[in-house]
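Here are the chains, one letter per residue:
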Amino acid sequence: MFRTLRERGDAPALLVHAGTLTGPDDGDTPAGDDLAGQLAAGFAAASELVRQASRASAGGPRPDLLVISERAVDVSGHDPLRPANSALTALVRTLPAEDVVAHARLVDLGDFVAARDLAEEVRDRAGDPLVALRGDRRWVPVERPLALTPGTDAPLREGGVYLVTGGTGGLGGVVAKALAGTGQRPVLILTGRKATPHPELLAELAESGATAEIAACDVVDRTALTALLDDVTRRHGPVNGVFHLAGVAGSGMVAFTSTAKAAAAFEPKAHGAVALARAFAGRPPLDLFVAFSSRSVLEGVAGGADYAAANAVLDALVRSGVPTAERLLTVDWPRWKDVGMGVPVDPGAGLDPERGGALLLELLAARTPRQVAVRHFADGRPTAAHPAARARTAPAPRPAPVAAAHGGAGPATTADRLGALWTALLGRTEITHDADFFDLGGNSLTAVELMSRVRDEFGVDLGIVVLFDHPTLEALADQIDRREA
Ligand SMILES: NC(=O)c1ccc[n+]([C@@H]2O[C@H](COP(=O)([O-])OP(=O)(O)OC[C@H]3O[C@@H](n4cnc5c(N)ncnc54)[C@H](OP(=O)(O)O)[C@@H]3O)[C@@H](O)[C@H]2O)c1
């Protein structure tokens with residue numbers, strides 16, 4: 001379809017995805033049921049729409065995206081959610097940063113919404129990215145500071161048994177140490193798909209009075225999960241709480257990944273939470289279920305729409321009471337410093353693990369809403385916020401344009417000026433005309449930044465798809481010259 005449009009010289013200016021809307025007589029399944037089918041109709045279909053449009057319009061103006069959804073956001077604190085639809089909020093928050101759409105918006109419809117109110121949203125192409133229409137009210141998200149008042153209960157039960165999925169990963173060790181440091185002598189079962197050995201960690205946990213074990217268990221494998229829970233219960237008693245950390249990084253930018261690759265991000269986070277809910281059904285009730293989610297839910301993350309979306313589904317599941325536990329908490333963490341999956345992206349930056357571990361215990365000891373977001377400030381002190389309250393806000397300011405990197409005497413060629421941008425971004429000084437941006441260390445994130453700098457420097461708006469198709473300095477300079485001509 002997009003190819004036909006392109007051959008006719010047409011390009012869609014607005015993409016609309018309304019594939020998750022149901023009819024008035026369609027019943028709803030309980031939260032967490034048919035996650036795969038709902039993700040296929042929602043996140044996967046909307047991503048594919050954008051992917052195809054971006055391939056067809058490479059180098060041309062980017063279209064806008066409007067997602068019309070229902071049950072994707074919770075305004076009142078008790079709106080029924082269809083958790084898979086929440087994935088669309090993270091997609092919308094990510095796509096503009098990946099430079100494949102000009103604007104992306106999601107309008108979530110509740111009951112008694114007037115057609116003219118929806119029509120107004122459809123016309124407002126650059127409006128608030130996330131809007132919930134409920135009756136004659138219009139809601140947009142804000143984060144409000146959350147004062148943590150300590151509760152009366154200890155964060156853990158003395159000698160309690162806790163399952164830490166993803167406990168073999170970077171943050172798994174941090175969480176295990178924080179739990180052991182309570183002095184409550186917990187039994188900690190740390191799992192991953194592989195039983196990665198951590199002798200030093202186990203020794204440190206034992207010194208703090210904890211009993212810790214490592215076990216291999218894929219959290220989406222219900223048989224393995226049931227066998228693990230049976231074995232742990234037989235040896236230590238029933239599991240009292242779960243810290244759900246199992247997760248994998250995203251599969252890359254929407255334009256260049258695929259539905260099959262993106263599906264992997266949803267496995268441990270979303271399908272894992274549902275598998276845990278099923279595995280614990282019929283067992284003694286859990287005191288607590290704590291999910292490790294990410295701020296990418298609230299901010300999007302270039303190169304990780306699937307990761308952000310999987311976290312959004314996890315948040316929505318926990319808000320909907322999946323799994324069941326006396327205390328439910330999902331925390332949208334910022335990037336952590338020098339530990340876990342964020343290290344290769346941004347070493348040395350982020351939340352200090354010791355402070356993060358302490359904040360986790362503070363959150364456990366306090367009364368909090370089911371979803372809490374953590375901000376990391378420059379002084380290193382993390383702060384909890386409540387992302388559920390909603391009110392009208394001003395749109396976020398656009399980042400200031402980056403100054404051009406060249407500045408010599410005579411007129412510089414396009415390739416020279418472009419080379420200066422590459423040097424500034426990649427830190428490489430010797431860049432030949434046939435050098436390939438990605439061979440020099442460029443990745444999808446620097447690609448987005450480069451195309452933004454190209455826009456500022458040359459005044460031409462090339463999409464990143466053009467860079468992937470023309471990755472050498474000379475070829476990209478040629479594309480710029482063609483657009484300038
Ligand atoms: N690091 C950060 O900056 C950051 C920020 C915000 C949120 N988070 C969240 O915190 C959690 C832990 O992250 P991390 O940084 O510690 O990542 P990590 O070091 O990559 O650890 C991920 C853990 O998840 C396990 N895992 C993956 N798929 C699994 C599956 N299907 N079943 C069971 N275990 C599975 C991995 O073990 P195997 O590979 O052996 O399966 C590993 O133990 C993640 O959910 C992440 O989204 C992290």
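Residues numbered from 1 in each chain as written. Predicted model: local features only at pLDDT ≥ 70, side-chain atom pairs only at ≥ 80, totals over all residues. Heavy atoms only, no water.

**Description of the site of the ligand**
Then, in step 1: Near the ligand lie 29 residues; those nearest to it are Thr168, Arg193, Lys269, Tyr307 and Met341.
Then, in step 2: Within the contact set of the ligand, a nitrogen atom lies 2.9 Å away from a backbone nitrogen or oxygen of valine 219.
Then, in step 3: Taking 880 Å² as the accessible area of the ligand by itself, protein coverage stands at 90%.
Then, in step 4: When residues of the shell around the ligand are traced back to their parent elements, those giving at least two are helix H5 (170–180), helix H8 (259–280) and strand E11 (288–294).
Then, in step 5: Ranked by residues supplied to the shell around the ligand, first place goes to E11 with 3 residues.
Then, in step 6: Residue composition of the shell around the ligand, by class: 14 nonpolar, 10 polar and 5 charged. (Near = heavy atom within 4 Å. Polar contact = N/O pair within 3.5 Å; in protein donor to acceptor, adjacent residues only side chain to side chain. Areas by Shrake-Rupley, 256 points an atom, 1.4 Å probe, with all protein chains shown as cover. Helix = DSSP H or I, 4+ residues; strand = E, 2+ residues; numbered from the N terminus. Nonpolar A, V, L, I, M, F, W, Y, C, P; charged D, E, K, R; others polar.)

**Side note on the nonpolar core**
Then, in step 1: Ranked by size, the top nonpolar core spans 71 residues in total, and within it Phe43, Leu95, Leu163 and Val239 carry the most contacts.
Then, in step 2: If we ignore the near neighbours within four places in the chain, the residues touching leucine 95 are Val50, Leu65, Val100, Val101, Ala104 and Val254.
Then, in step 3: Grouped together as the second largest cluster of nonpolar side chains are 35 residues, Leu146, Leu171, Leu179 and Ala180 included. (Core = buried A, V, L, I, M, F, W, Y, C linked by side-chain atoms within 4.5 Å. Buried < 20%, exposed > 50% of the residue type's maximum accessible area, 1.4 Å probe, protein only. Contact = heavy atoms within 4.5 Å.)

**A closer look at the pattern of salt bridges**
Then, in step 1: If you walk through the whole model with that rule in mind, you get 29 salt bridges.
Then, in step 2: Here aspartate 99 makes a salt bridge to arginine 455, at a shortest N to O gap of 3.7 Å. Linking aspartate 99 in the loop between helix H3 (83–94) and strand E3 (104–109) with arginine 455 in helix H13 (residues 444–458), this pair joins segments that are 356 residues apart in sequence.
Then, in step 3: A salt bridge links aspartate 231 to arginine 234; the nearest nitrogen and oxygen atoms lie 2.5 Å apart. With aspartate 231 and arginine 234 both in helix H7 (residues 222–236), this residue pair falls 3 residues apart, about one helical turn.
Then, in step 4: A relative accessible area of 25% places aspartate 231 in the partly exposed class.
Then, in step 5: You can call arginine 234 exposed: its relative accessible area is 63%.
Then, in step 6: Bridged by salt links that share partners, the residues Arg62, Asp99, Arg455 and Asp461 form one connected network. (Salt bridge = Lys/Arg side-chain N within 4 Å of Asp/Glu carboxyl O.)

**A closer look at the domain arrangement of the protein**
Then, in step 1: Domain annotation of the protein identifies domain 1 (2–139), domain 2 (145–386) and domain 3 (414–484).
Then, in step 2: The C-alpha-based centres of domain 1 and domain 2 are spaced at 29 Å.
Then, in step 3: Listed as interface residues are 30 residues of domain 1 and, on the opposing side, 33 residues of domain 2.
Then, in step 4: When domain 1 packs against domain 2, close to 2200 Å² is buried across both sides, 66% of that on carbon and sulfur atoms.
Then, in step 5: Considering only the surface of domain 1 that becomes buried against domain 2, Arg51, Arg93 and Glu98 emerge as the three largest contributors, covering 26% of it.
Then, in step 6: At the junction of domain 1 and domain 2, the tally comes to 2 salt bridges.
Then, in step 7: Between arginine 278 and aspartate 33 there is a salt bridge whose closest N-O contact spans 3.5 Å.
Then, in step 8: Taken together, the elements giving at least two residues each to the side of domain 1 that touches domain 2 come down to helix H2 (35–56) and H3.
Then, in step 9: The element contributing the most residues to the side of domain 1 that touches domain 2 is H2, with 11 residues.
Then, in step 10: For the side of domain 1 that touches domain 2, the per-class residue count stands at 16 nonpolar, 7 polar and 7 charged. (Domains from an automatic or database assignment. Buried area = accessible area lost by both parts, 1.4 Å probe.)

**Observations regarding the sheet that holds strand E12 (residues 327–333)**
Then, in step 1: With mixed pairing, the 9 strands of this open sheet are ordered in space as E6-E14-E13-E12-E11-E10-E7-E8-E9. The open sheet is flanked by strand E6 (144–145) and strand E9 (211–216), the only strands paired with a single partner.
Then, in step 2: Bridge count for strand E13 (residues 371–376) against strand E14 (residues 382–386) is 4 bridges, and the pairing is antiparallel. The residue bridging arginine 375 from the neighbouring strand is threonine 383, located in E14.
Then, in step 3: The sheet strands contacting H7 are strand E7 (161–165), strand E8 (187–192) and E9, and the helix crosses E8 at an angle near 160 degrees.
Then, in step 4: Of the strands in this sheet, E7, strand E10 (241–244) and E11 touch H8, which is tilted by about 170 degrees from E10. (Pairing = 2+ DSSP bridges. Axes fitted to C-alpha atoms, helices over the stretch in contact; angles between N-to-C directions.)

**Thoughts on the pairing of E3**
Then, in step 1: Of all 6 residues in E3, 6 are buried, a share of seventy percent or more.
Then, in step 2: Along E3, one buried face is formed by Ala104, Leu106 and Asp108 and the opposite face, lined by Arg105, Val107 and Leu109, is buried too.
Then, in step 3: Of the pairings in the sheet, the one linking strand E2 (residues 64–69) to E3 comprises 5 bridges and is parallel in character. Bridging from a neighbouring strand, leucine 65 pairs with alanine 104 of E3.
Then, in step 4: As for the winding sense of the linkage, the β-α-β connection from E2 through H3 to E3 is right-handed.
Then, in step 5: In this fold, E3 hands off to helix H4 (residues 115–123), which returns the chain to strand E4 (residues 130–134); that crossover is left-handed. (Right-handed = clockwise from strand over helix to strand, strands pointing away.)

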